[in-house]
Amino acid sequence: MNSFKLTKENAQMLANQYGTPLEVISVRHIEANYRLLQERIPRLKIYYAIKANPATCILQKLKDLGSNFDVASDGEIEKLAGLNISGERMIYANPVKTVRGLKAAQKAGIRRMTFDSKTEVDKIAEYVPNAEVLARVKIDNSDAVVDLNIKFGAERQHIIELLKYAQTKGLKAAGICFHVGSQALSADDYLRAFDVVRNLIDKARQNGIDIKYVDIGGGLPAPALNENADAAEIMAQINKCIEENFADVELWAEPGRYMCASAVNIVTAVIGKQKRSGRDWYYLDDGIYGSFSGKLFDHWDYDIMALKEGEKSVATLAGPSCDSLDIVKSQVLCPQLETGDLLLAVNAGAYSRVSATTFNGFSLPQTVVWKE
Ligand SMILES: *Cc1c(COP(=O)(O)O)cnc(C)c1O
């Protein structure tokens, strides 16, 4: 499955119809990514991490496909509840939850949640007394671009004690989870994590704790970006390990980026140009404070191209705000562009529009569902 990419004519048509900047979503690509993961790792129960892109069309499509959802806040829980998605299809996978979030979880009927401390057990026991909890273990993730183990995960030698503590508080100590970090570049971190988890399951059983679920978190790369990370190969290796070593538990995952990154295009237009030190600078109507926020927050290098043909030279692409930090790409090969010319960013569906701001008074990009 290739990444979703609008043709020049279609990008122009949408820009004429809606104006720019635009976030254009292909739900057909969301469906293909979902089905590919199901096919590659058949035993996996999929919880889409909605923080990557909570556009309603994506949630609706995944709801219809039977997906489950990973939520982290009262806002995310209420968004899904508003789409009539039952709490039974959600996991509250933020290891440190707010009281508002816990109350929203109780109201929505969410029973499954993760934790990595005794403090969290006490909170969960107070607000969702019959919860099934999964202890999050800290994992080395040297092979991921975004490290998520700096902030979360208990040391492996504390996991059994934490699960026991959850039991004494009346919770169901039911699982172990981990997160290898975002944009995994190989299966190595998963395989190392599987070793740790296998050991913990056996140790837990010796301590009278029946581990039913293993949640392997997020981290899978976008399926179509084969240059850096081969998602198909990573999935194959994960599947093999699961088949060989984890017949006795249910396997869950929380893919975010994998599901949505390749399904979205950003359409942006040139609003001004300038020559600075001999180089062309193009100012766009979308930037670092807008859809391209992932450059800062997500270490994402946007794949952005002009739709016009012509002889190319090295140019700089900047956003519309007055901040000089607002540079989307400092070196990109570009034909000569004029005000109004369009640029297209592909693979821009994860951690992009969702973390855009209205800094400097610029509106958020409009979201359009592509009619296939
Ligand atoms: C962010 C996050 C995810 C999704 O991560 P991706 O790298 O986008 O797949 C999954 N689980 C948890 C707990 C997260 O914090």
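One can find the structure itself at the top, above this paragraph.
To keep things clear, this report deals only with the structure shown in the data block. These figures come from a predicted structure and were not determined experimentally.

## Digging into the state of the cysteines
Summed over all chains, the structure comprises 0 disulfides. Lacking any disulfide linkage, Cys-260 is separated from the closest cysteine sulfur, that of Cys-57, by 11 Å.

## Details of the packing of helix H2 (residues 27-40) against helix H3 (residues 56-65)
Packed helices, taken two at a time, are described by the angle their axes make and the gap between the axes. Across the interface, H2 lies against H3 with an axial gap of 10 Å and an inter-helix angle of 40°. Classified by the interaxial angle, the pair formed by H2 and H3 is oblique. Judged by the twist between their axes, the crossing of H2 over H3 is right-handed. Only Cys-57, Ile-58, Lys-61, Leu-62 and Leu-65 of H3 make contact with H2, whose side of the interface consists of Val-27, Ile-30, Glu-31, Tyr-34 and Arg-35. Looking at the contact of H2 with H3 residue by residue, the class counts come to 7 nonpolar, no polar and 3 charged.

## Quick look at the pairing of strand E6 (residues 132-136)
Two faces make up the sheet, and in a regular strand the side chains alternate between them. With respect to burial, E6 is a largely interior element, 5 of its 5 residues being buried. Alternating positions in E6 separate into two faces, Glu-132, Leu-134 and Arg-136 on one and Val-133 and Ala-135 on the other, with burial throughout. Alignment of strand E5 (residues 112-115) against E6, held across 4 bridges, turns out to be parallel. Following the sheet pairing, Arg-112 is matched in E6 by Glu-132. Note that E6 and strand E8 (residues 172-177) share 5 bridges and pair parallel. Each residue of the ladder has a partner; that of Ala-135, found in E8, is Ile-176.

## Here we look at helix H6 (residues 118-127)
If you check which residues of H6 are buried, you get Glu-120, Val-121, Ile-124 and Ala-125. Around the axis of H6, the buried residues are gathered within 135° of arc, so they sit on the same side. Exposed residues pointing more than 90 degrees away from the buried face of H6 are listed as Thr-119 and Glu-126. Against helix H5 (99-108), E5, E6 and helix H7 (159-168) lie the buried residues of H6.

Cut-offs used in this document
- Residues numbered from 1 in each chain as written.
- Predicted model: local features only at pLDDT ≥ 70, side-chain atom pairs only at ≥ 80, totals over all residues.
- Heavy atoms only, no water.
- Disulfide = S-S within 2.5 Å.
- Axes fitted to C-alpha atoms, helices over the stretch in contact; angles between N-to-C directions.
- Helix = DSSP H or I, 4+ residues; strand = E, 2+ residues; numbered from the N terminus.
- Parallel < 35°, antiparallel > 145°, perpendicular 65-115°, else oblique.
- Left-handed = near helix turned anticlockwise from the far one by under 90°.
- Contact = heavy atoms within 4.5 Å.
- Nonpolar A, V, L, I, M, F, W, Y, C, P; charged D, E, K, R; others polar.
- Buried < 20%, exposed > 50% of the residue type's maximum accessible area, 1.4 Å probe, protein only.
- Pairing = 2+ DSSP bridges.
- Arc of directions from axis to C-beta.

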